[in-house]
Amino acid sequence: MPEGTVAPRHPLLLAAAAKTAQAATAGRFRLGVGLGARSVLEPQFGLAYPPQIRHLREYLTALRPLLDGDDTVFEGETLASRPVGSTAVAGASPAVPVLVAAMGPRALAAAGELADGTIPFLAGPRTLAERIVPAVTEAAAAAGRPAPQIVAGVPAVVTDDAATARDRVSAALGFYDSIPSYRKVITAEGLSHAADLLIAGDEEVVVAGLRRYLDAGATEVMLTHTDLFEREERVRTWNVARRL
C-alpha cells in the first residue's frame, strides 16, 4: 500500500499509476495519499503549497471517479482535471480503494466522507480511540459510506535488545518531531518524541502492544521500520504479525 502526497501529483497521473498497480497485483492494490508538510514540499518542489483541506477534498473528488473508470471533468479552486480520451487500464479491477493519511479532524472528516479510510502513523492507541476512530467513522456514516478502513502504522520489532532498537528508531523518526501535525498526535498520546511509540521487546511484549491498537479501533496494523533491523529480528517480527 504505497503512499504519496497529493501535492504536486495530479489526480490524472496518480490514477493512472494506481490503476496500473491494481492490474499488476491482480486487484490487491490500495492507494494511500497524504497532505504532506508545507515545510518539506515547498522547498523540495519550488511550488506554493495549496490550502490543505480544500485541496484534499477537491483532490479526492477528482480522483475517485478516475479510479472508478469515470472520466468526468472536475473544475475546482485548487485543481482541474480534464481527461482527454479514455483513462482506462486493462485489468484494473476492482476499483482501487483510497486511504488518506489523516489525523486532524478536518482531514479525517474528508477521509470518511470521500475515501475508504485512513492510515494514521505515529498516532498511539489512546489517540486512535479518542480522536481518530470516532471522527472518521462518524464522517463515513454521515455520508452513507461503509465503515472505514483504519490502518495504523506502528514502529515495532521483536528483539532481545530493546535499547539498541530504540536508538535506531530514534534516529529514523526524529524528523517527525519537527512536523506540527505529528507533534500534535504525539503530544495527544502523552509522549514527548515519535520514537516513544516504538514497541520493542520479545514476542509477548510486541503482541500485547499491537493488540492495544486493534482494541482502540484499528482494523489493521501496519508494521513500520522493520528494515532497520537484522534478518533474525525481522523474521521474528513478521511471525508475530502473522499471529495477529
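Residues numbered from 1 in each chain as written. Predicted model: local features only at pLDDT ≥ 70, side-chain atom pairs only at ≥ 80, totals over all residues. Heavy atoms only, no water.

A. Molecular detail of the nonpolar core. L31 and L128 are the most contacted members of the largest nonpolar core, which has 65 residues in total. Among the elements that make up this core, the one with the highest residue count is helix α3 (residues 52-67) (8 residues). (Core = buried A, V, L, I, M, F, W, Y, C linked by side-chain atoms within 4.5 Å. Buried < 20%, exposed > 50% of the residue type's maximum accessible area, 1.4 Å probe, protein only. Helix = DSSP H or I, 4+ residues; strand = E, 2+ residues; numbered from the N terminus.)

B. Seen up close, the environment of E75. Mapping E75 onto the fold places it in strand β3 (residues 74-75). Along the chain, E75 and A101 lie 26 residues apart, while their C-alpha atoms are 24 Å from each other. In this structure, E75 is in contact with A80 and R82, ignoring residues within four places of it in sequence. Within the local environment of E75, its side chain forms a polar contact with the side chain of R82, the two groups lying 2.7 Å apart. (Contact = heavy atoms within 4.5 Å. Polar contact = N/O pair within 3.5 Å; in protein donor to acceptor, adjacent residues only side chain to side chain.)

C. Examining the packing of aromatic side chains more closely. This structure, assessed with the given rule, holds 4 aromatic pairs. Ring centres 6.2 Å apart and planes at 75° place the aromatic pair F121 and Y182 in the edge-to-face group. Placement of F121 in the loop between β6 (117-118) and α5 (125-142) and of Y182 in helix α7 (residues 180-188) is noted, with a sequence separation of 61 residues between them. Considering the side-chain rings of Y176 and Y182, the 4.8 Å spacing of their centres and the 70° angle between planes classify their relative orientation as edge-to-face. In this structure Y182 comes out as buried when scored by relative accessible area, which is 17%. By the ring-pair criterion, three or more aromatic residues cluster together here, those being F121, F175, Y176 and Y182. (Phe/Tyr/Trp six-rings, centres within 6.5 Å; stacked < 30°, edge-to-face > 60°.)

D. Broad picture of unusual backbone geometry. Residue P94 follows S93 across a cis peptide bond; omega there is 0°. Here P94 is to be found in the loop between β4 (80-81) and β5 (98-101). A positive phi is found at L122, a non-glycine position, where the angle reads about 65°. In this fold, L122 is placed in the loop between β6 and α5. Phi is positive for H225, close to 65°, though the residue is something other than glycine.

E. Local environment of the packing of helix α4 (residues 105-114) against α5. Taken N-terminus to C-terminus, the directions of α4 and α5 make an angle of 40°; their axes are 7 Å apart at the nearest point. With respect to α5, the axis of α4 lies oblique. Note on packing geometry: the crossing formed by α4 with α5 is right-handed. Only R131, I132, A135, V136, A139 and A140 of α5 make contact with α4, whose side of the interface consists of L108, A109, A111, G112 and E113. A class-by-class count of the residues in the contact of α4 with α5 yields 8 nonpolar, 1 polar and 2 charged. (Axes fitted to C-alpha atoms, helices over the stretch in contact; angles between N-to-C directions. Parallel < 35°, antiparallel > 145°, perpendicular 65-115°, else oblique. Left-handed = near helix turned anticlockwise from the far one by under 90°. Nonpolar A, V, L, I, M, F, W, Y, C, P; charged D, E, K, R; others polar.)

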